[in-house]
Amino acid sequence: MLTIKDLLVKFPMRFGAFTAIEDVDMTIKPGEIHGLVGESGAGKSTVGAAVIGLLQSPGYVANGTLTLGDTDLRNLSPAEAHKVRGDRISMIFQDPQTSLNPLMTIERQLIETIQTHSSLSESEAINRAVDLLEDIGIKNAAERIKAYPHQFSGGMRQRVVIALAISTDPELIIADEPTTALDVAVQSQVLDLIQRLAKERQIAFMLITHDIGVIAQVADRVTVMRKGRVMETGVTAQVLGKPQHHYTQQLMDSVPPLDRKIDRFRVPEADDTIASNGAMAENWLLEGSQHARTGLSLTGLSVEFAGPRTSIFRKLPPYVALDDVTLNIKPGSIMGLVGESGSGKSTLAKAITGLVTPSSGTMELGDVVLPYGKSRSRQHPSRQLIQMVFQDPYSSLNSRHRIGDILTEPLWFYGFVKDEQEREKLAASMLSLVGMQPDAISKYPHQFSGGQRQRIAVARALLARPRFLICDEPTSALDVSIQAEILNLLKDLQAKFGLTILFISHNLAVVRQMADDTAVLRSGKIEEVGETNALYTAPQADYTKSLLDLTPVMPTTWQT
Amino acid sequence: MIAFVKKYEGLWLFVHSPAAIIAALVAVLTFLGAAFAPWIALVNPYDLASFSLFDGLLPPTWLDGANPKFILGTDDQGRDMISSILYGARLSLVIGLSALSIAAVLGVGLGLAAGYYGGRFDAIVMRIADVQLALPAILTALLIDGIARGILPASIQQDLRVAVLTLAIALSLWVNFARTARASTFVQMNKEYVQAAIMMGQRPIRVMFVHILPNILGPLLVIMTVDLASAILLEATLSFLGIGLPADSPSLGTLIRVGMQFLLSGEWWILWIPTLFLVALVVSINILGDFLRDIFNPRLR
């Protein structure tokens, strides 16, 4: 049983010390899955690292008690601590790609771990490794154990990581975002496995995640953290179903529900966002949106990427990223596009914007046929009418340019406003329209948080006076409360200016909140298209059904 | 105060690094001395009237028989060593800096374009760079020197020696810039701000120089300092070997070559003082380069 009391972790800095977590109390009983949830910077991972004794230097445990059973984890010599790690505490990391050694077979990695922590002989260790793999659901384990990590799929790899973690029969496993890098179907398998192991082997799990759905589905108890402090802790159904603390309440309000559509997220306006005025920018945009709303239709669109050349004479067949996609986005509507990673969502966006050259099919914006990729001239009107909001707000803004330069670039480039001061004024007004202080114009991107940067990215897209906006996973790099703000903002802007939006996301719940129509993409093919509500309540394709079933959600009875 | 220091973390690191301070001092003094050589030097090595053979072979002041006027002694012609070094550094730095500028413009331009366009253009540029890299810098310089001698009329050859030397050094240094610029550009090409700029339909030149270049400047600046040291050394090597500058226009390399005759004759200072000066200058510039790299790359701190 793990007991944490008054845990205080500090990071000494050049000037004073930074307190990462403070007054954290927690107990995890054997066989219990304890969820640790919070937004980025909440100190969730620091708790896990402190328990396993792998705090990133120069961080150190400044106060509090950490005990596992009757071992005091704080007073261990390095050698003892090393023994406890692995023997009694194991860890599962987020990315199975990087937590396995790509140059060693699965067998060697398992045997190495097993033999380090026990006195089994080589052949006994192999038997044990095979048993472990069978147990966590890898078929033909005796053969597949000889494989290298790259020969396994992402979900299988994560299973191998779990096998490594349980190979020493630990009492506690710390799982740091174990399913964040996985698709929903694989995620649900891995979560099932974790649940089964907790029950069968009486292992205590500390499940660190930002995904409240995952917690709701598997955790017995949950601790909500924020800025290094525990906000609320208790039985999952209690904490998430009837939140006592207003922060938990707020967090729950920001989570998009999968089973119904809500008009707006109840998020408090943060201090740094102001009530959007920006009348000047609004008028300017409305002036531009006089001409009719513009739809987009794709007919039989296919994209192929040339296969790698294996020798001078042989070239592998091309990889089909999009296969005969036909999609009609009605003027002024939001089309949601969902699919797992690698399904071709981003390729579709790139084909529309001309970054990728399709192999066949037609794309029509309104009644203008869009030329393919490089054959689209730099002056083509679609370059202005189609704008994009990218996934990663940290790389979509040029970090060496002033916000003002970033925002006025489209105004200058498309020749909307000739006067430089006028451009700056309009850009400042646009900033207030997206809910930011106009004085941000003289700052640089690194001075803003992810959510603010995404607002700036939206402002930049709007300053091109687009009629068609592509949002490629615009919120998946953001915390859930920020996500709610950005989604609200996009909804408002869409309603105000009659934009047509292609909203791409892997998150079905988010798409449900945003989209009028939804298309489900799988391996480059459209599985199903339909009106969002109908598609979510009565999915036709089996694939859609399984996606909806496997997405972790909160039990309906909890909803307030 | 704390906020101020945090804002200028580079400055803070600098103040706390004695090596960087000494290196900067040496480099700055050399640059100033070289720039103002005509005003501060005792004699002008190019002007036969400004020195006298009677002052020849005087040792530095801390040895017997020295003339306090010549702190570091004189050479066989009676030239003051300090003056020779100042003028020598002047020439070395002019050649080094101009070669570096040519190499930077050529290398960064080609590297950016190779990274931006990729494909066949990239392949061609990089193969040329590989060939260039396979040839030792001295060989390149000898080659260019030979070609220049062959095609230029003898009358202007002497006047163009500096230009030929500069070009030879520049040609052996551009590869570094091209490779670094290309690799960094590849990284930036995947960033969404570059895709946004391309999507807008901005001209490639603008995307490359307005959007990408400011983001890859850090590593390029580091290469620039380190390569300045290589350029100075390369010039010294070539001059030492006698394919660089003639003896009457004393760069640091020429000074060392001339001093070689006195290596075993007791007048050691004529060789050792310019040599030690060259070493100090090159080491200082390299230390500054390492320091810059540390500032630009927080992970190495």
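Just so you know, these numbers come straight off a predicted model, no measurement behind them.

Asker: What is the right way to look at the overall build of chain A in this model?
Answerer: Secondary structure summary: chain A contains 21 helices and 20 strands in total. The C-alpha atoms of chain A give 26 Å as radius of gyration, which agrees with the globular expectation for 560 residues (24 Å, within 12%). Taken along its principal axes, the extent of the C-alpha atoms in chain A is 75 × 60 × 45 Å. When the 560 residues of chain A are sorted by exposure, 45% land in the buried category. Sequence-distant contacts, at least 24 apart, represent 69% of the contacts inside chain A between residues at least 6 apart.

Asker: Mind showing me how you'd approach the overall build of chain B here?
Answerer: A count of helices and strands for chain B gives 13 helices and 0 strands. Overall, chain B shows an N-to-C arrangement of helices and strands of α-α-α-α-α-α-α-α-α-α-α-α-α. Considered along the principal axes of its C-alpha atoms, chain B spans approximately 75 × 60 × 30 Å. In chain B, which comprises 301 residues, the share counted as buried stands at 41%.

Asker: How should I be thinking about the packing of helix α4 (residues 106-117) of chain A against helix α5 (residues 122-135) of chain A in this particular structure?
Answerer: The angle between the axes and the distance between the axes are what describe a pair of packed helices. Residues and elements named next belong to chain A. For the pair α4 and α5, interaxial distance at closest approach is 9 Å and the crossing angle is 115 degrees. By the angle class used here, α4 and α5 are roughly perpendicular. Relative to α5, the crossing made by α4 is right-handed. Residues Glu107, Leu110, Ile111, Ile114 and Gln115 of α4 form the contact with α5, whose participating residues are Glu122, Ala125, Ile126, Arg128, Ala129 and Leu132.

Asker: So what exactly am I meant to see when it comes to the interface of chain A and chain B here?
Answerer: How big an interface is tends to be expressed through the accessible area that disappears when the partners come together. Contact residues are listed per partner, giving 19 residues for chain A and 15 residues for chain B. Counted by class, the side of chain A that touches chain B contains 7 nonpolar, 8 polar and 4 charged residues.

Asker: For this particular structure, what's the right way to read the pairing of strand β14 (residues 360-365) of chain A?
Answerer: Remark: a regular strand shows side chains that alternate across the two faces of the sheet. Residues and elements named next belong to chain A. Bridge count for strand β11 (residues 296-305) against β14 is 5 bridges, and the pairing is antiparallel. Across the sheet, Thr299 pairs through a bridge with Thr362, a residue of β14. Hairpin connection between β14 and strand β15 (residues 368-369): a loop of 2 residues separates the two successive antiparallel strands, and Gly366 in this loop has a positive phi of roughly 65 degrees.

Asker: It is not clear to me how the pairing of β11(A) should be interpreted in this structure. Could you clarify?
Answerer: Relative to strand β12 (residues 319-329) of chain A, β11(A) runs antiparallel, the two being bridged by 7 bridges. From the neighbouring strand, Leu296(A) faces β12(A), where its bridge partner is Ile329(A).

Asker: I tried to follow the sheet that holds β14(A) on my own but got confused; where do I start?
Answerer: Each strand in a sheet pairs with its neighbour through backbone hydrogen bonds, running either in the same direction (parallel) or in the opposite one (antiparallel). Residues and elements named next belong to chain A. If you trace the 4 strands from one edge of the open sheet to the other, you get β12-β11-β14-β15, paired in antiparallel fashion. Across the chains shown, the open sheet's two edge strands, defined by having one partner strand only, are β12 and β15. As paired strands, β14 and β15 are joined by 2 bridges and run antiparallel to one another. Of the residues in β15, the one forming a bridge with Glu364 is Val369.

Asker: Please explain the sheet that holds strand β9 (residues 221-226) of chain A as it appears in this structure.
Answerer: All names here are of chain A. Sheet architecture is open: 6 strands sit in the order β6-β7-β8-β3-β9-β10, paired in mixed fashion. Across the chains shown, the open sheet's two edge strands, defined by having one partner strand only, are β6 (89-92) and β10 (229-235). Strand-to-strand twist across the sheet, computed as the mean angle between neighbouring axes with direction ignored, equals 15 degrees. Inspection of the sheet shows strand β7 (residues 172-176) paired to strand β8 (residues 204-209) by 5 bridges, in the parallel sense. Paired with Leu172 across the bridge in β8 is Ala204. Strand contacts of helix α8 (residues 184-201): β3 (33-37), β7 and β8, with the helix running at about 135 degrees to β3, the strand carrying the most contacts.

Asker: Explain the packing of helix α5 (residues 81-117) of chain B against helix α11 (residues 204-241) of chain B here, please?
Answerer: Residues and elements named next belong to chain B. The N-to-C vectors of α5 and α11 enclose an angle of 145 degrees; their axes lie 8 Å apart at closest approach. For the pair α5 and α11, the crossing hand works out as right-handed. From α5, Ser92, Ile95, Gly96, Ala99, Leu100, Ala103, Ala104, Val108, Leu112, Ala113 and Tyr116 reach across to α11, where they touch Pro204, Met208, Ile212, Leu213, Leu220, Met224, Asp227, Leu228, Ala231, Ile232, Glu235 and Ala236. Grouping the amino acids of the contact of α5 with α11 by side-chain chemistry returns 19 nonpolar, 2 polar and 2 charged.

Asker: What's the story with helix α12 (residues 279-288) of chain A in this structure? I'm lost.
Answerer: Residues spaced three or four apart along an α-helix point in a common direction, a consequence of the helix completing one turn every 3.6 residues. Residue and element names in this part refer to chain A. By the burial criterion, the buried members of α12 are Ala281, Trp284 and Leu285. Taken around the axis of α12, the buried residues stretch over an arc of 95 degrees, which confines them to a single face. In α12, the exposed positions that point more than 90 degrees away from the buried face belong to Ala279, Asn283, Leu286 and Glu287.

Asker: Hey, could you run me through the nonpolar core in this one?
Answerer: Soluble globular proteins: nonpolar side chains tend toward being buried together. In this structure, Ile194(A), Phe205(A), Met430(A), Phe503(A) and Ile169(B) are the most contacted members of the largest nonpolar core, which totals 241 residues. Per-element tally for this core: the top contributor is α5(B), with 19 residues. Here this core gathers at least three residues from each of two domains, domain 1 (2-254) and domain 2 (279-364 + 380-558) of chain A. Leaving out residues up to four positions away in the same chain, Phe503(A) has contacts with Ile334(A), Met335(A), Gly336(A), Leu337(A), Cys471(A), Val511(A), Met514(A) and Ala515(A).

Asker: Would you mind going over the domain arrangement of chain A with me for this structure?
Answerer: Residue and element names in this part refer to chain A. Per the domain assignment, the segments making up chain A are domain 1 (2-254) and domain 2 (279-364 + 380-558). In this complex, domain 1 contributes 16 residues to the contact, which on the side of domain 2 involves 15 residues. Counting residues per element, the ones that place at least two in the side of domain 1 that touches domain 2 are α8, α9 (212-218), α10 (236-241) and α11 (246-254). Of the residues forming the side of domain 1 that touches domain 2, the biggest block, 4 residues, is contributed by α9. Its residues assigned to classes, the side of domain 1 that touches domain 2 shows 7 nonpolar, 7 polar and 2 charged.

What counts and how
- Residues numbered from 1 in each chain as written.
- Chains lettered and ligands numbered in written order.
- Predicted model: local features only at pLDDT ≥ 70, side-chain atom pairs only at ≥ 80, totals over all residues.
- Helix = DSSP H or I, 4+ residues; strand = E, 2+ residues; numbered from the N terminus.
- Rg over C-alpha atoms; globule rule 2.2 N^0.38 Å.
- Buried ≥ 20, exposed ≤ 12 C-beta atoms within 10 Å, placed from the backbone.
- Contact = placed C-beta atoms within 7 Å.
- Axes fitted to C-alpha atoms, helices over the stretch in contact; angles between N-to-C directions.
- Parallel < 35°, antiparallel > 145°, perpendicular 65-115°, else oblique.
- Left-handed = near helix turned anticlockwise from the far one by under 90°.
- Nonpolar A, V, L, I, M, F, W, Y, C, P; charged D, E, K, R; others polar.
- Pairing = 2+ DSSP bridges.
- Arc of directions from axis to C-beta.
- Core = buried A, V, L, I, M, F, W, Y, C linked by C-beta atoms within 7 Å.
- Domains from an automatic or database assignment.

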